[in-house]
Amino acid sequence: MNALKFLRERRSVPSRLLGEPGPDPAQLRAMLAEAVRVPDHGKLTPWRFLAIRGEARHALGERLADRALEKDPAAAPAVVDKDRRRFSQAPLVLVVVACPVPGHKVPVQEQLLSGGAVCFALLQAAQALGFGAQWLTGWAAYDIEIQRHLGLREGEQVLGFIHVGTPAEAAPERQRPDPDALLREWSP
Ligand SMILES: Cc1cc2nc3c(=O)[nH]c(=O)nc-3n(C[C@H](O)[C@H](O)[C@H](O)COP(=O)(O)O)c2cc1C
């Protein structure tokens, strides 16, 4: 497939449609090798990865469910159950962790943007290898207890949970913005 056609047809696959098989070790390495090629001002590598697979996915879901109840003891069982199953669908969830260098001449915003590019590169690499993927955050990404549970250090942030697996069916396309409507010619 030519590159433009690939990019034009890029889309996410909802995590509920992602099943086995997930990437094998060589495929995961290939995905990461693509992802680390993103623009990175100052060559700071201000991001790292966690792979959550197998039983670890269910264990994280249990922690999420417990945390959801800690935060809201009256939470509806269906809502808590959704949290419990949040990481149990796709066979692989990659956590993209931002580790920005504070006080560096490269602003933290640029370091976080580089991490966002990493997330997107992972989506593309997954699709190029024949997998489906979705970039999700949700409350868990921003919850300090969950961040600690994942082993994040002071100043680190979750930029995304990239769910990766084999699509059970073709992913629905969504309406895309009209690029022409977004473009204005600038002149002084
Ligand atoms: C930073 C970020 C966080 C996201 N978090 C969620 C989320 O928690 N839940 C969700 O349904 N979609 C979330 N999305 C949207 C999906 O990743 C995705 O864009 C959507 O499923 C549409 O697919 P598309 O990539 O084909 O446009 C997020 C997107 C971004 C960029």
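For the structure given in this document, a descriptive report is provided here. (Residues numbered from 1 in each chain as written. Predicted model: local features only at pLDDT ≥ 70, side-chain atom pairs only at ≥ 80, totals over all residues. Heavy atoms only, no water.)

**Description of the overall build of the protein chain**
The helix and strand tally for the protein chain stands at seven helices and five strands. The secondary structure elements of the protein chain, listed N-terminal to C-terminal, are α-β-α-β-α-α-β-α-β-α-β-α. At 18 Å, the protein chain has a C-alpha radius of gyration in line with the 16 Å of a compact globule built from 188 residues. Across its three principal directions, the C-alpha atoms of the protein chain cover 55 × 45 × 35 Å. (Helix = DSSP H or I, 4+ residues; strand = E, 2+ residues; numbered from the N terminus. Rg over C-alpha atoms; globule rule 2.2 N^0.38 Å.)

**Considerations on the pattern of salt bridges**
As enumerated under the stated definition, the model contains 14 salt bridges in all. For Lys71, the salt bridge goes to Asp143, with nearest N and O atoms at 2.9 Å. With Lys71 in helix H3 (residues 55-71) and Asp143 in the loop between strand S4 (132-136) and helix H6 (144-149), this residue pair connects regions lying 72 residues apart in the sequence. The partly exposed category is assigned to Lys71, whose relative accessible area is 47%. Taking relative accessible area as the criterion, Asp143 reaches 4% and is therefore assigned buried. One salt bridge connects Arg85 with Asp81, and the closest N-O pair in it is separated by 3.5 Å. Since its relative accessible area comes to 41%, Arg85 is described here as partly exposed. (Salt bridge = Lys/Arg side-chain N within 4 Å of Asp/Glu carboxyl O. Buried < 20%, exposed > 50% of the residue type's maximum accessible area, 1.4 Å probe, protein only.)

**Concerning the packing of aromatic side chains**
Centre-to-centre distance and the angle between the planes together describe a pair of aromatic rings. Within this structure, the stated rule accounts for one aromatic pair. Summarising the aromatic geometry, the rings of Phe87 and Phe161 are spaced 4.9 Å apart at their centres and angled 75° between planes, so their arrangement reads as edge-to-face. Taken together, the positions of Phe87 in the loop between helix H4 (77-84) and strand S3 (92-98) and Phe161 in strand S5 (residues 157-167) put the pair 74 residues apart, joining distant regions of the chain. According to the relative accessible area criterion, Phe161 is buried, its value standing at 1%. (Phe/Tyr/Trp six-rings, centres within 6.5 Å; stacked < 30°, edge-to-face > 60°.)

**Considerations on the environment of Tyr142**
Structurally, Tyr142 is set in the loop between S4 and H6. In the structure, Tyr142 is positioned 44 residues away from Ala98 in sequence and 12 Å away in space, judged by C-alpha atoms. Apart from residues no more than four positions distant in its own chain, Tyr142 is found in contact with Thr137 and Gln147. (Contact = heavy atoms within 4.5 Å.)

**Observations regarding the pairing of S3**
Among the seven residues of S3, seven are classified as buried, and the element is accordingly described as predominantly covered. Across the two faces of S3 the burial is the same, with Leu92, Leu94, Val96 and Ala98 and Val93, Val95 and Val97 all buried. The pairing of S3 with S5 spans seven bridges and is classified as antiparallel. Among the inter-strand pairings, Val95 is bridged to a residue of S5, identified as Phe161. (Pairing = 2+ DSSP bridges.)

**Here's the deal with the side chain of Asp83**
If you trace the backbone, Asp83 turns up in helix H4. Within the structure, Asp83 has its side chain in polar contact with the side chain of Arg86 (distance 2.8 Å). (Polar contact = N/O pair within 3.5 Å; in protein donor to acceptor, adjacent residues only side chain to side chain.)

**Quick word on helix H2 (residues 25-35)**
For H2, every residue scored as buried is listed here: Leu28, Met31 and Ala35. On an axial view of H2, the arc spanned by its buried residues comes to 60°, and they lie on one face. Exposed side chains of H2 directed beyond 90 degrees from the buried face belong to Ala26 and Arg29. Buried residues along H2 sit in contact with strand S2 (47-53), S3, helix H5 (108-128) and S5. For H2, the capping residue at the N-terminal end is Asp24, with a side-chain oxygen 3.1 Å from the backbone nitrogen of Ala26. (Arc of directions from axis to C-beta.)

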